[in-house]
Structures are given as structure tokens and as C-alpha cells.
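Topology and contacts: notes
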Amino acid sequence: VRSAQSTYALAEVAADAARQQAVADAAGSYWRLRYQRRMVEIAEQSRVATEEQLRIVAALVSAGRLAPVESTRTQAALAQAERAKLEAMAAEQGAEDALASLVGEPLGGVISLISTPPLPTEWALYEDTVVAAVVQGNPELRVARSKSDQAQVDLGNARHALLPEL
């Protein structure tokens, strides 16, 4: 009976750890998607700024105030900005698909992000309190404790099996 109770407790702890990991994975994927979307915005802003720079350089080259090589340099910068935007868009789609698969949505759809990142706040962290909270709430340590308890029960059962039978 003790062995069955211990195995049941171990299964409960493992299921809780799996739930916590799933929530952590989904949350991490959500914030990665938010980051990638911001990277697409930044890449687009960079591309627009480079296009404006190309327009200005072209005007200065035709006015004779800049060497034609500056136009070529700016065109290369525009090509790099466009490439960076494409890479950011691909990374965004990958992050979106990763989040969709974690939350059970079909791949290829558009996911609306509604949370905004909070502003960082000052935290007073006390090492002893943090270590105690981590040790208490860590699902991997809880699984290890349950396995240790199960091993103790198994050891007791093995000792009893060595006793002579009457």
C-alpha cells in the first residue's frame, strides 16, 4: 500500500512539474513572439530610413555634391536593411508557429498579443528567502524527493523480504 501511495504521489508531483513547464514554455514563447514582432518593426523603420537616405544621396549625387560611389554604398545599405527585415519576418513566423503549437492553435495563423511588458521595478531580494522558495517550489526537486521516498519504501520492502518466513 505504501509503495502504491508513494508511486501515486510521485505521479502527482511529475504531473504538476509538467504543467508548470508547459506554462513556462508558453509564456517564454509568447514573449519571444513579442520580441520578434518588435524586431520586424525596427527592421522596417531601418529600411524606411535607408530609403530616405538613398533619396537624399541620389539628389546630392545628381547635384554634384557627392561622389557616385555614395549612391552605391547607400543601395548596399538598403539591400542589407531589406534582408534584415526578411530575416526578422521569418523569425517572427517561427516564433508565432512555436507559440501556436504550444497552445494548440493551427500553424500559419496570426496570433494577437494583448499583454504589454511591464516596466522593470526595484526588487529587494534576500538570498536566504529566494533559496528557500526555490528549494520548496522547484518541481524537479519535488520529483527527486518523491523518488527518494519511493526508494526508501522499496528498501524497507527489500529488507522485509530478507527476513525468514514462518
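Placed above this text is the structure.
The present account deals with the structure reproduced in this document. Every chain is numbered independently, its residues counted from 1 as its sequence is written. Where local features are concerned, this predicted model is filtered to residues with pLDDT of at least 70; where side-chain atom pairs are given and counted, the filter is 80 or more; whole-chain, interface and lining totals use all residues. Note that the side-chain values use all heavy atoms of the structure and ignore hydrogens as well as water.

**Comments concerning the overall build of the protein chain**
Every helix listed is a DSSP run of H or I at least four residues long, and every strand listed is a run of E at least two residues long, numbered separately from the N terminus. Of regular secondary structure, the protein chain possesses 4 helices and 0 strands. Ordered by position in the sequence, the α and β elements of the protein chain form the string α-α-α-α. Taking 2.2 N^0.38 as the reference for a compact globule, 166 residues should give roughly 15 Å; the C-alpha atoms of the protein chain span a radius of gyration of 29 Å, well beyond that estimate. Taken along its principal axes, the extent of the C-alpha atoms in the protein chain is 110 × 40 × 30 Å. Looking at the protein chain as a whole, 21% of its 166 residues are labelled buried. Side-chain charges of the protein chain comprise 16 positive and 21 negative groups, with the mean position of each set lying 3 Å from the other. Only the C-alpha atoms count toward the radius of gyration. The rule for a globule is 2.2 Å times the residue count to the power 0.38. Partly exposed describes any residue whose relative accessible area lies between the buried limit of under 20% and the exposed limit of over 50%, with all areas from a 1.4 Å probe on protein chains only and scaled to the type maximum. Positive charges come from Lys and Arg, negative ones from Asp and Glu, while His and the chain ends are left out of the count. Charged side chains are reduced to one point each, which is NZ for Lys, CZ for Arg, CG for Asp and CD for Glu.

**Observations concerning the packing of aromatic side chains**
The criterion for an aromatic pair is that two Phe, Tyr or Trp rings (for Trp, the six-membered ring) have centres within 6.5 Å, with stacked assigned to planes under 30 degrees apart, edge-to-face to planes over 60 apart and tilted to the rest. Under the defined criterion, the tally for this structure stands at 1 aromatic pair. Residues tyrosine 30 and tryptophan 31 carry aromatic rings whose centres are separated by 5.1 Å and whose planes lie at 85° to one another, so their mutual orientation is edge-to-face. Residue class for tyrosine 30 comes out buried when judged on its relative accessible area of 15%.

**Describing the pattern of salt bridges**
Each salt bridge in this description consists of a side-chain nitrogen of Lys or Arg and a carboxyl oxygen of Asp or Glu lying within 4 Å of one another. Summed over all chains, the structure comprises 10 salt bridges. Across the salt bridge formed by arginine 38 and glutamate 41, the nearest N and O atoms sit 3.0 Å from each other. With a gap of 3 residues between them, arginine 38 and glutamate 41 both fall in helix α1 (residues 2-62), about one helical turn apart. The partner of arginine 47 in a salt bridge is glutamate 44, and the shortest N-O contact between them spans 2.6 Å. Here arginine 47 pairs with glutamate 44, and both are found in helix α1, just 3 residues apart, close to one helical turn. When salt bridges with common partners are traced through the structure, they connect Glu44, Arg47, Glu51 and Lys85 into a single cluster.

**What to know about the environment of alanine 49**
Residue position: alanine 49 is located in helix α1. Taking C-alpha positions, alanine 49 is 9.0 Å from leucine 78, a pair spaced 29 residues apart along the chain.

**Some thoughts on the nonpolar core**
Nonpolar cores were defined as sets of buried Ala, Val, Leu, Ile, Met, Phe, Trp, Tyr and Cys residues, with membership established by side-chain atoms within 4.5 Å. Membership of the largest hydrophobic core is limited to 7 residues, which are Tyr30, Leu33, Ala95, Leu99, Ala100, Ile111 and Leu113. Counting only elements with at least two residues in this core, the list comes to α1 and α2 (68-103). Per-element accounting of this core gives the leading share, 3 residues, to α2. Contacts were defined at the residue level, with two residues in contact if any of their heavy atoms lie within 4.5 Å. Those residues in contact with tyrosine 30 that sit more than four places away from it in its chain are Leu99, Leu113, Ile114 and Ser115.

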